Each structure stands twice: as structure tokens, then as C-alpha cells.
Amino acid sequence: MLNSYILRRLLLIVPVLFGVTVIVFLVISLVPGDPAKAILGTFATPDAVAQVRHDLGLDESLPVQYGIWLVNLLQGDFGRSYILHKPVIVEIGARLFPTLLLAGVALVLSSVVGILLGIIAAVRQNSWPDKVITVAVLVGISTPSFWLGILLIFWFGVRLAWLPVGGMQEMFGGGGVLDVARHMVLPACALAAVAGAVLVRLTRGAMLEVMRQDYVRTARAKGLPERRVIFVHAFRNALVGIIPVIGLEAGFVLGGAVYIETVFQWPGIGRMLVSAISTRDILLVQGGVLVIAVAYVIINLLADIAQSLLDPRIRAA
Amino acid sequence: MSGRPSAWRLLTQNGVVAFGLALLGVMVLIVLLAPVLPLLDPNVTDVAHRLKPPLYPGHWLGTDQVGRDILSRLIWGTRLSLVVGLTAALVAAAIGSAIGLSSAFYGGLADTLLMRGIDMLMAFPYLLLALAIVAALGPGLFNAMMAIIVVNIPFFARGVRGGTLSVVNADFMAAARLSGLSDWQIIATELFPNVLPGIVIGVSTTVGWMILETAGLSFLGLGAQPPQADLGGMLGEGRNLIQVAPHVATIPGIVILLLAVGINLVGDGLRDVLDPKLKSGGLARTHARTAAASSEARRAGLQPAGDAARQPLAVRGLHTQFTVGRNVYKAVGGVSFTVKPGEAVGLVGESGSGKTVTALSIAGLVATPPGKITRGEILHHGEDLVDVPMQRLQAVRGGTIAYVFQDPLTTLNPLIPVGEQVAETIRRHQNLPRAEAWRKAVALLESVRLPDAANRARSYPHEFSGGQRQRIGIAMALANNPEVIVADEPTTALDVTTQAQVLALLNDLRRERNAALVFISHDVGVIAELCDTVHVMYGGKVVESGPVAAVLQTPAHPYTQRLLACVPVLGNPERKIEPIPGLPPATNALPEGCAFAPRCHLAEARCSAAEIELAPVSADHFARCVRVAA
Ligand code: SF4
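Residues numbered from 1 in each chain as written. Chains lettered and ligands numbered in written order. Predicted model: local features only at pLDDT ≥ 70, side-chain atom pairs only at ≥ 80, totals over all residues. Heavy atoms only, no water.

J.: Even after reading the chapter, I still don't get the environment of S111 of chain A, so can you show me in this structure?
T.: Residues and elements named next belong to chain A. Looking at the element boundaries, S111 is found in helix 5 (residues 88-123). Sequence-wise, S111 and T134 are 23 residues apart; in three dimensions their C-alpha atoms are separated by 17 Å. Look past the residues within four positions of S111 in its chain and what remains in contact with it is L199 and I246. (Helix = DSSP H or I, 4+ residues; strand = E, 2+ residues; numbered from the N terminus. Contact = heavy atoms within 4.5 Å.)

J.: Looking at this structure, how should I read the domain arrangement of chain B?
T.: Where interface size is quoted, it is often the accessible area lost as the parts come together. Segmenting chain B into domains produces domain 1 (69-267) and domain 2 (306-533). Computed from C-alpha atoms alone, the centre-to-centre distance between domain 1 of chain B and domain 2 of chain B is 52 Å. (Domains from an automatic or database assignment.)

J.: Help me understand the site of the ligand, please; the structure alone is not making it clear to me.
T.: The environment of the ligand is made up of H557, P558, C594, A597, C600, L602, A603, C607, I612, C625, V626 and R627 of chain B. Its residues placed into classes, the shell around the ligand shows 10 nonpolar, 1 polar and 1 charged. (Near = heavy atom within 4 Å. Nonpolar A, V, L, I, M, F, W, Y, C, P; charged D, E, K, R; others polar.)

J.: Can you walk me through the sheet that holds strand 13 (residues 621-623) of chain B in this structure?
T.: Residues and elements named next belong to chain B. Strands sit in the order 7-8-9-4-10-11-13-12 across an open sheet of 8 strands; the sheet is mixed. For this open sheet the edge positions go to strand 7 (401-404) and strand 12 (615-618), each flanked by a neighbour on one side alone. Direction aside, neighbouring strands of the sheet carry axes that sit 20° apart on average. As judged from the 5 bridges shared by strand 4 (residues 344-348) and strand 9 (residues 516-521), these two strands associate in the parallel manner. Looking across to strand 9, one finds that A344 is bridged to L517. Here helix 18 (residues 466-478) sits on the sheet and contacts strand 7 and strand 8 (484-488); the angle it forms with strand 7, its principal contact strand, is near 175°. Set on the sheet, helix 19 (residues 496-512) makes contact with strand 4, strand 8 and strand 9; between it and strand 9 the angle comes to about 160°. (Pairing = 2+ DSSP bridges. Axes fitted to C-alpha atoms, helices over the stretch in contact; angles between N-to-C directions.)

J.: What is the right way to read the side chain of E226 of chain A from this model?
T.: Position of E226 of chain A among the secondary structure elements: in helix 10 (residues 226-264). Excluding residues within four positions of it along the chain, E226 of chain A makes contact with R220 of chain A together with T286, A288 and Q394 of chain B.

J.: When you look at the pairing of strand 7 of chain B in this model, what are you seeing that I'm missing?
T.: Consecutive side chains of a regular strand alternate in pointing toward one face of the sheet and then the other. Residues and elements named next belong to chain B. Here strand 7 shows a buried face lined by I401 and Y403 and a second buried face lined by A402 and V404. Pairing of strand 7 with strand 8 involves 4 bridges; the strand directions are parallel. Each bridged residue has a counterpart across the sheet, and for I401 the counterpart in strand 8 is V484. (Buried < 20%, exposed > 50% of the residue type's maximum accessible area, 1.4 Å probe, protein only.)

J.: I would appreciate a short explanation of the pattern of salt bridges in the present structure.
T.: Side-chain pairs of opposite charge can arise whenever the charged atoms involved come near each other. Taken as a whole, this structure holds 32 salt bridges over all chains when the rule is applied. Note that R217 of chain A and D214 of chain A form a salt bridge whose closest N and O atoms lie 4.0 Å from each other. Here R217 of chain A pairs with D214 of chain A, and both are found in helix 9 (residues 214-221), just 3 residues apart, close to one helical turn. Taking relative accessible area as the criterion, R217 of chain A reaches 10% and is therefore assigned buried. R116 of chain B serves as the salt-bridge partner of D119 of chain B, at 2.9 Å between the closest nitrogen and oxygen. Note that D119 of chain B and R116 of chain B are positioned in helix 4 (residues 108-122) at a spacing of 3 residues, about one turn of the helix. For D119 of chain B, a relative accessible area of 28% puts it in the partly exposed group. Through salt bridges that share partners, R298, R299, R316, E377, D384 and D387 of chain B make up one connected network. (Salt bridge = Lys/Arg side-chain N within 4 Å of Asp/Glu carboxyl O.)

Here it is, written out as C-alpha cells:
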């Protein structure tokens, strides 16, 4: 059932995606000096530089360059990585799924745990569980995720040797689902911690705000059991405010994946970006950033749609 | 309270925030003193003494992979991280605020374009945009800082623009323009001070992030370049040594953690001080029922219930209070009344008289925290509802005692179709299958004359008018044929015509079903129409009670007399309310004796000397006034 809100929201995504491509495109113009030289490295032959200048349309005006680039993009041509000697799209294609999987698992994990702890802290406001959770949240939002990843590797991978600490090479070969899952436990936890802490805090605040509303009193006045009061009447309303933040958290998780993939040697876009930056493989960076940004835009679109399905007032607006 | 306590005092009063300040203070002091502290050179290598553990002689925190002193590198690294993080936060705040301020101030096309640009930047995951910028500019601490600044500008621009927009249309802006100030003067003197607290909060909440993010970029090798190292760089160097020398990576991580904890604590404290609205907690109504003192404490001094124990409802000696900080508000201070089967009892008084808290106390619906029933009992056929088991109380709520609340827009759940809201209370108490409960709900909605009830039951509260919403509220209350309906100002939020219709409906339906009514109102006229008995409340106490006719025709208490003097002639829609001079008493500072004395034209010395008891005016008519007792 496509209602008018969802249609409008779908249309709105067009200018956003347009903006994303403009910014990603403009990043290359930040490159000091000749981008073609930067792309090829210091030892490029003049012929190769001329070829790249031609491929990128660098001799044209900026808008024309953008036009050429966009048309190529839409045909799946993200340019070539001159370092890896293959098309950018091929490299990204191989690495997109591991990143989305890791980020997705971390997002779900942080949302579920974060929301549950947030509800407990709110419902038991000022009790010792609330205080323990509050301190844990403070530590959580103050911990660098890459450091947490290193500590997890040290304790669970090296000292206790419970779980593999890296070396996830081939998602679809060898070990199967169980192997992937075992490799994912530590990175997913490290990645979920910060986002989860933010969500605990948010959920606690949202629940406390909702619990004081008159309709919660009405629900109790009807004799509903407390579980129904909290989850059906209070939490559903709190969720309206939480969902968009989960959308924003997707950004934290997708960004944080850069660290975590590096720490755990996860074969995703994040680790690719880091090495591409150090080898100055600018087109690869451009493609990777673009793909992740589009994923982020889509996740936020889904969050907005979910929010509208929950709240009839948004559908009506 | 004399004056506003200084922000500094408020900050340091809070123990947690003071801890954060102390933590940060110590760290800042150490890094400021770094040049004069007896530290080893952070960059001098000593391969012979590499990877020494902490407490190694000459190296308190040990050495790293090339034998450099970790303590020294740590302090210099912290210094670098702090400088970079603070600079980034301040520059991002300055640029973002300038954009936000001018965008809001000038409006129009510039505003639209700027904000669209900001939206586009915000469509990126924060860190990825920073990475893209570093990729273009090349690795290095300065470039990393630039990237962090750029990605944080949208946050400030958007926040400051919002803050400015809320001021820019205000009257004093018009005044400022008229007074001939230049745009810049207006921005600097009128707007900026208003948005400054928001900016300070923004900086305090982002500076921690910025330190973490720059550390992150250095960790990835994209920020500080060797041999220079900030905390992130040190962590990055230690990462591959985690198996042989875990301390190399662990120690800088701990410092980042402590730094971020300190900043976050202070940031939260600043936010609470500068923007108290955001402080959560307060009246959160987290408890399922109102807290109560022990039953011995509550019943001390109560007379035996006698006949009251057989009635559907008997409120006896009820005291309900709220504790907020050091203030104790005695909202209800000893209220007693009985409701017989089918009887309509009115509680009347100004706002703050305790009538609503009395009504909510009946089913334990007073918000806890901060509410508490300290004395008295609520008998429902002799059963004390204050301490019956929770399950029993839940069976009574909405079952034998049902509520109709004041504002039907806020009392209905906005996300649930109204039919379901009625049906769920039926299912709860009558154990019917879903379809059956739904049919009953629709029938109830029909009985409250909701047009097209079968279809409209699927609509949401915001799709109804105020009068319709209150009819739905009434249907919900009637759902399980309650013995007692407690209606708390059910029509105050409605217009006069709708009021009359809804009241007539409520009265008809409850008579049909022979339900008793506890009707709370500030409107004596309405009470006169609906009720058999009335209790006039003032300052948390009943000051006069008796049959409606007796109390309203021959009021004995000066307060009731003044209240009636405000009531217009019935049938006259041009209600001219003449308020009683003065204000109702604050229940955290009730005067000794008669609470009405400060406003009473008949007050005399003995009125304020001692507690005054309810005294009989006639057989069933009582008043709490020295002139009656005499
Ligand atoms: S007790 Fe005194 S002050 Fe109070 S109402 Fe009676 S006359 Fe007035």
C-alpha cells in the first residue's frame, strides 16, 4: 500500500541523491594540483596523464565534467583504479556486501540492546540498574570504537582464544554461514557499542518523556497490565522519536566500519577506503564514499517510512 | 530564592559534573605544564630498551616499539589531541554559527540555498565525508582537522539557524530594527546573545566527538604523521603489538576514554544548567500506582469505617503529597467523602484546590514519583484500594471504577485507532475474543452517538473533534459497566455548546446503567445540574459539604459564598466570571488554621490560631469555618 506520504518521501530522495553526487564529485576538485597526476602517482608518463585527463574530461568545464561523470555513473562506470588495475565498480562490488552485513548486524544489535536497556533504565528510573546503565552509557559514548576493537581482540581472541580475530577473507567461500558469524561477533560488538550507548540514552529520555503523558495514565486507568502500558502505550510512542535516530546511527555505524574493518581486517569498503587513501587512489575513494552515502540515504528513507507507518499523524501531514 | 545562582555554582554543586571538571582540570593542567615537567624527549629512540612494560625503571609507563618513553609521548600526545579537538570545535562552531545566523537573519533565497547545501552534507555519514576530504587533500594532521571541521559545520549551522529563527520574528527584533541599528549591530547585540547558550552546548557536546574522530583518523594513519603522535597515532602504532606488548595500545586508549568521559560529564552538566528544559526526569510517572505510606501509618487515628465500608466508594482522611526537591506540596490534606450506589457527588474548587489529586488518588493514578499517599484510605466495598495487590487494583481500574479525563486529545493514545482503545479495555476485563470485543466497542461508540461508528472506530484520535474525542473517552469509561465513574473536568477543554451535550450524554448513560459519579469541576453551575451531593474544596481540604441544594442555596462558608457570587445566572451564555481576589494558597506553605484566611473578608485572629474542624450547619450540611463552629 503506497500512501501519498511514502510517494512524496520517495520523490524527495531524488534531489538528495543529486546533492550527494555533486559533493562526491566536487571532492576531486579539492585535490591540489593536477588530479590526473595525483591519480596516477608521481611517476606517471605524460601520455598516461593525458589519457586520464581525457577519460575524466578534465579539459572540459566543471559542469560538463560533472555531466560526463554522472552519465558514466548511471551506466555503472565509476572509473578505473589505476593502482589495482581494475574498474572501481568491480572492486566495490566485491566489498559492498561484507560492509553492509557488518554494519547491518551492528545496527540491529545496537538498536535492540540499546532500546531494551533504555526502557529498563527509564522504567526503573533512579534505581541501581538505572545507575549502572547510566555509567555504562557514559563509558560507551566515550570509548573510541577502534580501541574497543583492539581490546576485544586482545581478550577474546588472544587471551581467551574464544573467537577468531580477523582474517575474514572470502565471505562466500569455505566456512559458510557459521564461520562468517564467528568472525563477525567481535567486530559487530565493537561497532555496536557506541551506537548502542547513544540509543540507550535517547530511549531512556524518550520513555521518561512519554511515561508522563496523559495517555499513559489513561492506559493505567483502564486497568491494563503494566507490561502492556509500557510496551504498547508508552514504548510505541517513544519509538516514533527513536526511529529517525536509528537512521542517523546508521551513519555512525557505516562510518565506524572504517575503523573496525581496519582493526579486524574485514574485507569491506571501509578497509578498502583506508588503503585507497594512502595509495592516493582517488577514484576508488570517490566510488566507495558514494556507494556508502547512497546506502545511508536509503536507510534514512526506510527509517522515515517506518516512522510514518507507526504514526498516523505523519501520514496525514 | 534570591537571584539566580551562578552557572559555576550550579555546575560544581552536582557531584558527577564536579568529578568531570576535576578530571579534565587535572589533565589540562598536566598538558599545560608539559614543557616544564621533567619528561624525557618523546621522540628519542632507544632500541635497546624497547617494549618495556610499565613501572620499568626510568620509564613509568614503559617504552614503545622503538624504546621511546610512553609517559612523555602520552602527555605530548594528549596535548596535541586536545589542541586539535578544541580548535576544530571552535572553528566549526564559529563558521557554522556565522552561516546559521546570517541564513536565518537574511532569509529568502540565500537561506534556502545554504540550507539545501547543509542538507546535502548531512546526507553523508559524517566520518566518510571526512575521509573523502582527507583523500583529496592528502593525509596529515592539519588536513584531518580541516576535514573534521568541515563535517561539523552543518551541525552548528542548522542548530544556530533554528535558534535564531525563534528570535528573529520576536517583537524586540522589530524594535531593534526601528531603533536604526545596523544589521551587524542587531546580530551582535540582539541575536548572538540569544543563541550563545545553544552554541556553548553544541561545542561541549561535539568537542568530545571531535577528539575521538581526529584520534580515529590518526589511528588510521591519515592524521598525525610519525614521529609526531597524538593519542590516536600512538594507539595505531600499538595496535600490531597487542599480543607482545598490550600496554602500548591500552594506555593511550585509557587516556582518550578519560578525556572523553570528562568532556561528556561537563557537557551534560552545562546542558542542564544552560537549557534546563532538556533535563529529563521530574514528573515521569514511572510507577504503576501511587506510592503510599505503610497501612498502619495511613490508618492511624481513623474512625472505624462503619457504614462507609459497604459503599462503592469511601475516601477517608486522605492525604496525598508531592515531594519535589526540598518542597513538600500537600495537595490533599485530609479529605473524606462517601459515594453511595448511583449517587452523583461533585468536588468543586479552583485549580490547585486538590480536587483532581483527590480524584486520581482513588485508583492510585497520582504520578509517582513524586506523589505519595501519606494518610487515609480509599474503601471500595470495604477493600482499601491503596494497598490491595496490584492485580486486584488493575481489575478495579476500568472495571468497577472508571475514569473520564480532562483533555481528550492528550488522554487518548495518538497511535492507536479509537475503536481498539475501547476494545482493549473490554478485552482486559471481560475476557472476550477480539472480534466480539470490537463489536462491543463499536456498539459503545454508537451509544455515545459517534456518527458512522463502525467505520470511524478505525480512525485515530487526531481525526476527531474535541467533542467527539470526549464521547470516545466516555465510551471507554462505560465499557465494563462500572459502578463508579470518576470524571475529572471532562468538558473544560470543550466549547460551551459541546459541553452541555457531552454532559447530558454522560449523565443519561450513567443513569441508565445506574453508575455512581464523582464529578470534578471548577464550575458550580455544572455541579448544580448534575450532582446530588457537593464537596467544596480549598487548599487541599473540604471546606463545605452537603446536599447540592442546601450548599448552593444557603452556603455557610465564606469561600463557597464568594465562589457562588462568581457564577452567572443559569442559561446566560455570557458568563462573567468574577474571580475571588488573591490567589489560592501554595500547598507547600499552607497557613496555620483556615487556608482561606488571607483572602477572607471576615477573617479574624482565631481563624489562623488552630486547625478548624468541619462543623454541622444542619443535619447533613457541614462547613469548616470558625463562624459555623461558634
Ligand atoms: S475560618 Fe475565618 S478566615 Fe476562614 S473562612 Fe471562616 S471566617 Fe473566613
